Every structure is written in C-alpha cells, then in structure tokens.
Amino acid sequence: MENSIKTGQWQDEFEALIQGLMDRGFGYADDFLDEATTAGLRRILLKNKKEGKMLPAGFGRKLDFQQNTLVRGDMIKWIENDSGNKHERRLLDKIEGLVHYLNQTCYAGINDYEFHYARYEKNTFYKRHLDQFKSNKGRKYSLVIYLNEDWKPINGGRLSIFLPDNSVELISPIAGRAVFFKSDEIEHEVGPSLNRCRLSIAGWLKSM
Ligand code: OGA
Ligand code: MN
C-alpha cells in the first residue's frame, strides 16, 4: 500500500481534514472527489441497489450483530479494497494517499481501511452513535464522502456532529464533500432524509 503513493497534489485537502480534526474535532473538505468520480460512484451505488446487492446495515459485529431500523436504516455494500473499477480506484487511491499522509505526518499507524456505499431511503436515519466498537478498537478515523447532487436543506439528512464542548455542527451531505473525525471520540447522527434518498460512502481507517 505504501508503494508509489503521491500525496503532494492532495496535500491541501488532507491538511484541511487533519487540521480541522485537531482544531475542533472534525475536518471537512468540499470537492474531495471530482464531479466525474462522484457521478461514477453514484452510478455504481444505484446499480448495486438495482441488482439487490445493497443489504440492510446492522450495528455491532459478529455475535453483537443486530438489525434495528429504529437505530439505523441504511442499506450498504462494502467496496473491495483491490477494486479495479476506475471510479472506485480513484477513491481508494485518494484514501490510500490520506493514510500515507497521516502515517507520515501524525505517526497514526494506520494499516488497513474499509469503506462501504450507503443508501438511506427517505425517512430513514442513523441515531447518535460512536463508530468504534467496544469489542474491537480497530477503527481509528471515520471518513464519510457524499454523493448527492443538488441536495437542499429541505431534504434533511444532515450529519450532526456532537463536539466535546456540547456544541453541535450540522453538515449537509452534498456531492464531493468529505467529513473526517476520530472514530472513538466523536458522537454523530444522521438525520432523516426527506423527500429523496441519501447516498454516501462511509468508511474507517484502521490500525490492527
Ligand atoms: C456511519 C455514519 C454518517 C453520514 O455510517 O457510521 O455515521 O453522514 N455515517 O452518512
Ligand atoms: Mn457513524
């Protein structure tokens, strides 16, 4: 993973994510993905849905696994880390660039990652939670990337980020935007999406 990774072209965006995380608990970058890649990933997500490959997400893992739409209503499909698809490759190359940059500049010790497509049908949500499991502390950083064209405030579906000083930040899931925070520290919640479905890619940088 460490071979032939160029981070220079992305340094400003990576710095925005990392600096935001250090200064206020979360970072975000608009245009983390270019329009063609965002559109390509959106098409793949919609195709996965059509082909029945998006499955209801659970929470917890293995024996703890439960499905409860009162907690979480999204449908997901995991992305293969060795995907050869050009849009997924572009996404994963950038994620690997971020991992490399974090390891170099913050000694983060990240050695794995996992990402999935997520689709929230209208009126579904994900209640306030932390991303790190009690039974498995591998998830260190959370990264969410949005795929929704022309998302309006009236469409709801905002991400609430609950900060340690009790303030709450609200983030709209607009196409190309990425949000970054620590998986074991930052509680967050996905508000119900109204009138339309909400498309994203969510994932974790891990150290095992
Ligand atoms: C998650 C999550 C946030 C979002 O999938 O764990 O919190 O804005 N997603 O989609
Ligand atoms: Mn989460």
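Before any of the text, the structure's been laid out above.
Residues numbered from 1 in each chain as written. Chains lettered and ligands numbered in written order. Predicted model: local features only at pLDDT ≥ 70, side-chain atom pairs only at ≥ 80, totals over all residues. Heavy atoms only, no water.

Draft legend 1. Representation of the overall build of the protein in the model. When helices and strands are tallied, the protein shows three helices and eleven strands. Of the regular secondary structure in the protein, the N- to C-terminal order runs α-β-α-β-β-α-β-β-β-β-β-β-β-β. Computed over the C-alpha atoms, the radius of gyration of the protein is 16 Å, within 12% of the 17 Å expected from 2.2 N^0.38 for a compact globule of 208 residues. For the protein, the spread of C-alpha atoms along the principal axes amounts to about 40 × 40 × 35 Å. Burial statistics for the protein: of 208 residues in total, 51% are counted as buried. Contacts in the protein between residues far apart in sequence, at least 24 positions, make up 78% of those at least 6 positions apart. (Helix = DSSP H or I, 4+ residues; strand = E, 2+ residues; numbered from the N terminus. Rg over C-alpha atoms; globule rule 2.2 N^0.38 Å. Buried < 20%, exposed > 50% of the residue type's maximum accessible area, 1.4 Å probe, protein only. Contact = heavy atoms within 4.5 Å.)

Draft legend 2. View of the site of ligand 1. Tyr126, His129, Asp131, Val144, Tyr146, Leu159, His188, Val190, Arg198, Ser200, Ala202 and Trp204 make up every residue found near ligand 1. For ligand 1, an oxygen atom lies 3.2 Å from a polar atom in the side chain of His129. Arg198 is positioned such that a nitrogen or oxygen atom in its side chain is 2.8 Å from an oxygen atom of ligand 1. If ligand 1 stood free it would expose 290 Å²; the protein chains cover 99% of that surface. (Near = heavy atom within 4 Å. Polar contact = N/O pair within 3.5 Å; in protein donor to acceptor, adjacent residues only side chain to side chain. Areas by Shrake-Rupley, 256 points an atom, 1.4 Å probe, with all protein chains shown as cover.)

Draft legend 3. Quick look at the sheet that holds strand E7 (residues 159–162). In spatial order, the strands read E5-E10-E7-E8; together these four strands make up an open sheet with antiparallel pairing. Every interior strand has two partners, whereas the edge strands, strand E5 (126–129) and strand E8 (168–171), have only one. Ignoring strand direction, the axes of neighbouring strands in this sheet form an average angle of 15°. Pairing between E7 and strand E10 (residues 187–190): four bridges, direction antiparallel. Bridge assignment links Leu159 to a residue of E10, and that residue is Val190. (Pairing = 2+ DSSP bridges. Axes fitted to C-alpha atoms, helices over the stretch in contact; angles between N-to-C directions.)

Draft legend 4. Just the sheet that holds strand E9 (residues 178–182), in detail. Reading across from one edge, E1-E9-E6-E11-E4-E3-E2 is the order of the seven strands in this open sheet, with antiparallel pairing throughout. Where the open sheet ends on each side, the last strands, each with one partner, are strand E1 (26–29) and strand E2 (55–56). Bridging between strand E6 (residues 139–146) and E9 involves five bridges; their strand directions are antiparallel. Each residue of the ladder has a partner; that of Tyr141, found in E9, is Lys182. Strands in contact with helix H2 (residues 35–50) are strand E3 (74–78), strand E4 (112–120), E6 and strand E11 (198–206); relative to E4, the strand with the most contacts, it is inclined by about 70°.

Draft legend 5. Main features of unusual backbone geometry. For Tyr107, which is not glycine, the phi torsion reads 50° and is therefore positive. By secondary structure assignment, the location of Tyr107 is in the loop between helix H3 (86–106) and E4. Here Tyr107 falls in the exposed class, since its relative accessible area comes to 72%.

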